[in-house]
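# Reading the structure
Each chain is listed here by its residues.
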Amino acid sequence: GAEPAGAPAPRFEAGSLVETFSRDPLFDPAVVGEFLDELTFAAARDLSPALEEAVKDARAGRFAEAADKAKSDRLHPLATFVRGLAALQQGQLEAAAGFFRSTLQTAPGAYSPMAYLAACYAAGGRDDEAAGAWQTSLLGLEDSPLVYQLLVDAAMRSGDAQTAMGALQEAMGKWPDDGRFTGRLGVALLLFGRPKDGLVALDRHLAAHPDDQHALFVAVQAIYGVGAAGGVVESPQQDLARAQAYAEAYARLGGAQQALVKRWLDFLEKRAGDAR
């Protein structure tokens, strides 16, 4: 139904809706392997035996050993890249960023170092710079769903609706059924002032991905947020029933924020009772 006259749109904070940045997916061996392939091709240079070993270690997730073996080939782009991976994994963000910048200078046609430089920014809380760097890296990494996902999250955390929605639309054009993007579409619509459309998108996403804890949590929060701002999605009773269904699924999956979800439900229950 239409928003009741005078009901303000709920304000959602990115911090409660958007997952915090995690470096872990960037260290997945399959991801590292793809990015190393891209860089190796762009660098178009021979590797010393030591550097070949270093790259092998990096592909297997042994980043500290890889960095150690790469030290002798100081300025080779693959050496600085591998050393950047090790520094980033250890949380040495400034050192890692320095290595990735060096890689970009010595292999100017490569985009993988830009994706990891963006991760240094995101890990340091600089989401707007991270989004800019991930957007640039897509020029060469347009087949990476992970880069799109990281870009969308950074843009949402920094409040950049245009970048977030643009990247989501592009990603969903390529991977229409990918739960990473169908769920994020719901979150983005909530965050950028379209709560009803956001809930429709979350409903659709949860029908296909009923075990998505984060989406269930966000869906209850969205229904509560509309109610707390004085609005309804459908009616107080229907909103309560919908929130209860999501909350039950969230509890079944052992969601960590059940006490908070219970508080939201208490509010919706009282409102539904008052409206009878």
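We now turn to the structure provided with this report. Position labels on residues start from 1 in each chain and follow its written sequence. Local features in a predicted model are, by the rule used here, given only for residues with pLDDT of at least 70; side-chain atom pairs are given and counted only at 80 or more, and totals for whole chains, interfaces and linings are based on all residues. Remark: hydrogens and water are excluded; side-chain values derive from all non-hydrogen atoms of the structure.

## Digging into the overall build of the protein chain
For the purposes of this entry, the term helix denotes a DSSP run of H or I that reaches at least four residues, the term strand denotes a run of E that reaches at least two, and both are numbered from the N terminus. A tally of regular secondary structure across the protein chain gives 15 helices and 0 strands. The C-alpha extent of the protein chain, read off along each of the three principal axes, is 75 × 35 × 30 Å. Element-wise, carbon and sulfur atoms account for 51% of the exposed surface of the protein chain, whose accessible area totals about 12,700 Å². Residues scored as charged are limited to Lys and Arg (positive) and Asp and Glu (negative), so that His and the chain ends carry no count. Charge coordinates come from a single atom per side chain, which is NZ of Lys, CZ of Arg, CG of Asp or CD of Glu. Each charge class in the protein chain can be summarised by its mean position, and for the 26 positive and 36 negative side chains these summaries are 3 Å apart. The Shrake-Rupley method, run with a 1.4 Å probe, gives the accessible areas here. Residue values count only the displayed protein chains as cover.

## Side note on the packing of aromatic side chains
The relative placement of two aromatic rings is captured by the distance of their centres and the angle of their planes. Only centres within 6.5 Å qualify two rings of Phe, Tyr or Trp (six-membered ring in Trp) as a pair; their planes then separate them into stacked at under 30 degrees, edge-to-face at over 60, and tilted for everything else. Inspection of the entire model under this criterion finds 12 aromatic pairs. Here the aromatic rings of Phe217 and Tyr250 are separated by 5.8 Å at their centres, their planes lie at 35 degrees, and the arrangement is tilted. Separated by 33 residues along the polypeptide, Phe217 in helix α13 (residues 213-228) and Tyr250 in helix α14 (residues 236-252) bring together distant segments of the chain. A single burial state applies to Phe217 and to Tyr250, both of which are buried. Site record: aromatic cluster; members linked through ring pairs are Phe217, Tyr224, Tyr250, Trp264 and Phe267. Remark: exposure states derive from per-residue accessible area (1.4 Å probe, protein chains only) relative to the maximum for the residue type, with buried under 20%, exposed over 50%, and partly exposed in between.

## A short note on unusual backbone geometry
Non-glycine residue Ala44 carries a positive phi angle of around 45 degrees. Relative to the assigned elements, Ala44 resides in the loop between α2 (29-43) and α3 (49-59).

## Quick look at the pattern of salt bridges
Here a salt bridge means any side-chain nitrogen of Lys or Arg lying within 4 Å of a carboxyl oxygen belonging to Asp or Glu. A complete count under the given rule lists 15 salt bridges for this structure. The closest approach of N and O atoms between Glu53 and Lys56, which form a salt bridge, is 3.6 Å. Separated by 3 residues within a single helix, Glu53 and Lys56 lie in helix α3, roughly one turn from each other. For Asp153, the salt bridge identified is with Arg184, shortest N-O distance 2.7 Å.

## Focus on the environment of Glu234
Mapped onto the elements of the fold, Glu234 is located in the loop between α13 and α14. Using a relative accessible area of 42% as the deciding quantity, one classes Glu234 as partly exposed. As for Glu234 and Ile223, which are separated by 11 residues in sequence, their C-alpha atoms are 9.8 Å apart. Not counting residues up to four positions away in its chain, the partners in contact with Glu234 are Asp239 and Arg242. A polar contact of 3.1 Å, which involves the side chain of Glu234, links it to the side chain of Arg242. Contacts were defined at the residue level, with two residues in contact if any of their heavy atoms lie within 4.5 Å. As used in this structure description, the phrase polar contact means that two N or O atoms lie within 3.5 Å; if the pair is within protein, one of them must be able to donate a hydrogen and the other to accept it, and residues adjacent in sequence are counted only when both atoms belong to side chains.

## Quick word on a negative patch on the surface
Here, patches come from residues exposed beyond 30% relative accessible area and free of salt bridges, joined within 9 Å for like charges and within 5 Å for nonpolar side chains (Val, Leu, Ile, Met, Phe, Trp, Tyr). Together, Asp28, Glu34, Glu142 and Asp143 give the surface a local cluster of negative charge. For Asp28, the position within the fold is in the loop between α1 (14-17) and α2. In this structure Asp28 comes out as partly exposed when scored by relative accessible area, which is 35%.

## Re α2
By this rule the span expected of a helix is its residue count minus one, scaled by 1.5 Å. Over its 15 residues, α2 runs 20 Å from end to end, which matches the ideal 21 Å to within 8%, given 1.5 Å per residue. The complete set of buried residues in α2 reads Val31, Val32, Gly33, Phe35, Leu36, Glu38, Leu39 and Ala43. Measuring from the backbone nitrogen of Ala30 back to the side-chain oxygen at the start of α2 gives 2.8 Å, which picks out Asp28 as the cap.

## As for the side chain of Asp153
Relative to the helices and strands, Asp153 resides in helix α9 (residues 145-157). At 2.7 Å, the side chain of Asp153 forms a polar contact with the side chain of Arg184. Sequence-distant contacts of Asp153, defined by excluding residues within four places in its chain, comprise Val18, Glu19 and Arg184.

## Regarding the environment of Leu88
With respect to the helices and strands, Leu88 occurs in helix α5 (residues 77-89). Sequence spacing of Leu88 and Phe100 is 12 residues, and the spatial spacing of their C-alpha atoms is 9.9 Å. In contact with Leu88, not counting residues within four places along its chain, are Arg23, Phe27, Leu93, Ala96, Phe100, Tyr116, Ala119 and Cys120.

## Examining the environment of Ala219
As for its position among the elements, Ala219 is in helix α13. On the basis of relative accessible area, Ala219 is assigned to the buried category, the value being 0%. Considering only alpha carbons, one finds Ala219 and Gly198, 21 residues apart in sequence, at a separation of 8.6 Å. If we skip the residues at most four places from it in the chain, Ala219 touches Leu199, Leu202, Leu206 and Tyr246.

Nothing here speaks to function; it is geometry throughout.
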